[in-house]
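Given next are the chains, with one letter for each unit.
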Amino acid sequence: PMARAERDAAREGRRVVVCRWSQCPHDHELADVRRPHPLGNPWTVLRRGRLATEWRDALCDAFATALHAAMSCATSDLAAIGTSHGLPQGALQKPYADVAWADYAAAVRSAVDDLRRLTRRGTRVALGCACHPERCHADTIADAVCEDCD
């Protein structure tokens, strides 16, 4: 897999970066992709009110599965995706737990399409989340946005 620095450099050329939401570049349009945004990660596992970091990879992998399913118009289910990645019951957060798959998938596609339109117009976009510089679901979003940036 590509190292974060290489991935960030490739995205920068395509006008998309991932950053901590409170520290994004001022010359970029901020897209805050934290919960409850449609592109927020629907899952979290907390310990004493903080992310249980040993779950980071499973959380990001579950998000990648959901994003790819939504973008490909596949029929799926957020609870089942979480279970397939070994996430504990209760990891799926509100409001996502209460949304039908078709509505979730449509909102995800719309949000990614909005970001793609911005980059096509030449706007530099910063995907802001609380995880950066750790592995973050925003990396998957940036890759999806950049699929259409070439």
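Focus: unusual backbone geometry
No. 1: In this chain, Lys94 is followed by Pro95 through a cis amide linkage whose omega measures 5°.
No. 2: The phi dihedral of Arg48 falls on the positive side, at around 50°, and the residue is not glycine.
No. 3: Note on placement: Arg48 falls in the loop between β3 (46-47) and β4 (50-51).
No. 4: Judged by its relative accessible area of 79%, Arg48 falls in the exposed class.

Notes on the pairing of strand β5 (residues 125-129)
No. 1: With respect to burial, β5 is a largely interior element, five of its five residues being buried.
No. 2: Because side chains alternate across β5, one face comprises the buried residues Val125, Leu127 and Cys129, and the other comprises Ala126 and Gly128, equally buried.
No. 3: Judged from the five bridges that link them, strand β1 (residues 16-20) and β5 form a sheet pairing that is parallel. Paired with Arg20 across the bridge in β5 is Cys129.
No. 4: Where strand β2 (residues 29-32) and β5 come together, four bridges link them in parallel fashion. What sits directly across from Asp32, in β5, is Gly128.

Regarding the packing of aromatic side chains
Note on aromatic pairs: each is described by the distance of the centres and the angle between the planes.
No. 1: In this structure the tally under the stated criterion is two aromatic pairs.
No. 2: Taking 6.4 Å as the distance between ring centres and 80° as the angle between the ring planes, the aromatic pair formed by Tyr96 and Tyr104 counts as edge-to-face.
No. 3: Exposure remark for Tyr96: the relative accessible area of 4% places this residue in the buried category.
No. 4: Tyr104 sits in the buried class, given a relative accessible area of 4%.
No. 5: Ring centres 5.5 Å apart and planes at 45° place the aromatic pair Trp101 and Tyr104 in the tilted group. You can see Trp101 and its partner Tyr104 sitting in helix α4 (residues 101-120), three residues apart, about one turn around the helix. Residue Trp101 shares its accessibility class with Tyr104, and that shared class is buried.
No. 6: Among the aromatic residues, ring-to-ring pairing joins Tyr96, Trp101 and Tyr104 into one connected group.
No. 7: Here the guanidinium or amino end of Arg34 rests over the ring plane of Trp21, the centre of that ring lying 3.7 Å away.

Description of the nonpolar core
Considering soluble globular proteins, one finds that nonpolar side chains tend to be buried as a cluster.
No. 1: By size, the foremost hydrophobic cluster in this structure holds 39 residues, and its most contacted members are Leu39, Trp43, Trp101, Tyr104, Leu115, Leu127 and Ile141.
No. 2: Within the residue set of this core, elements represented by two or more residues are β1, α2 (56-71), α3 (78-84), α4, β5 and α5 (137-146).
No. 3: Excluding residues within four positions of it along the chain, Leu127 makes contact with Val16, Val17, Val18, Cys19, Ala31, Val33, Leu115, Ala138, Ile141 and Ala142.

Considering the confidence of the model for the protein
No. 1: Confidence in the prediction for the protein averages 91 pLDDT; 89% of positions are at 70 or higher.
No. 2: Ranking the helices and strands of the protein by mean pLDDT puts α3 first, with 98, and helix α1 (residues 4-13) last, with 61.

Thoughts on the sheet that holds β5
No. 1: The three strands lie next to each other as β1-β5-β2, forming an open sheet whose pairing is parallel. Looking at strand neighbours, the two that pair on one side only are β1 and β2, the edges of this open sheet. Each adjacent strand pair in this sheet contributes to an overall mean axis angle of 30°, direction not counted.
No. 2: Of the strands in this sheet, β1, β2 and β5 are in contact with α4, which crosses β5 at around 145°.

Reading the values: rules and limits
- Residues numbered from 1 in each chain as written.
- Predicted model: local features only at pLDDT ≥ 70, side-chain atom pairs only at ≥ 80, totals over all residues.
- Heavy atoms only, no water.
- Helix = DSSP H or I, 4+ residues; strand = E, 2+ residues; numbered from the N terminus.
- Buried < 20%, exposed > 50% of the residue type's maximum accessible area, 1.4 Å probe, protein only.
- Pairing = 2+ DSSP bridges.
- Phe/Tyr/Trp six-rings, centres within 6.5 Å; stacked < 30°, edge-to-face > 60°.
- Lys NZ or Arg CZ within 6 Å of the ring centre and 35° of its normal.
- Core = buried A, V, L, I, M, F, W, Y, C linked by side-chain atoms within 4.5 Å.
- Contact = heavy atoms within 4.5 Å.
- pLDDT = per-residue confidence, 0-100.
- Axes fitted to C-alpha atoms, helices over the stretch in contact; angles between N-to-C directions.

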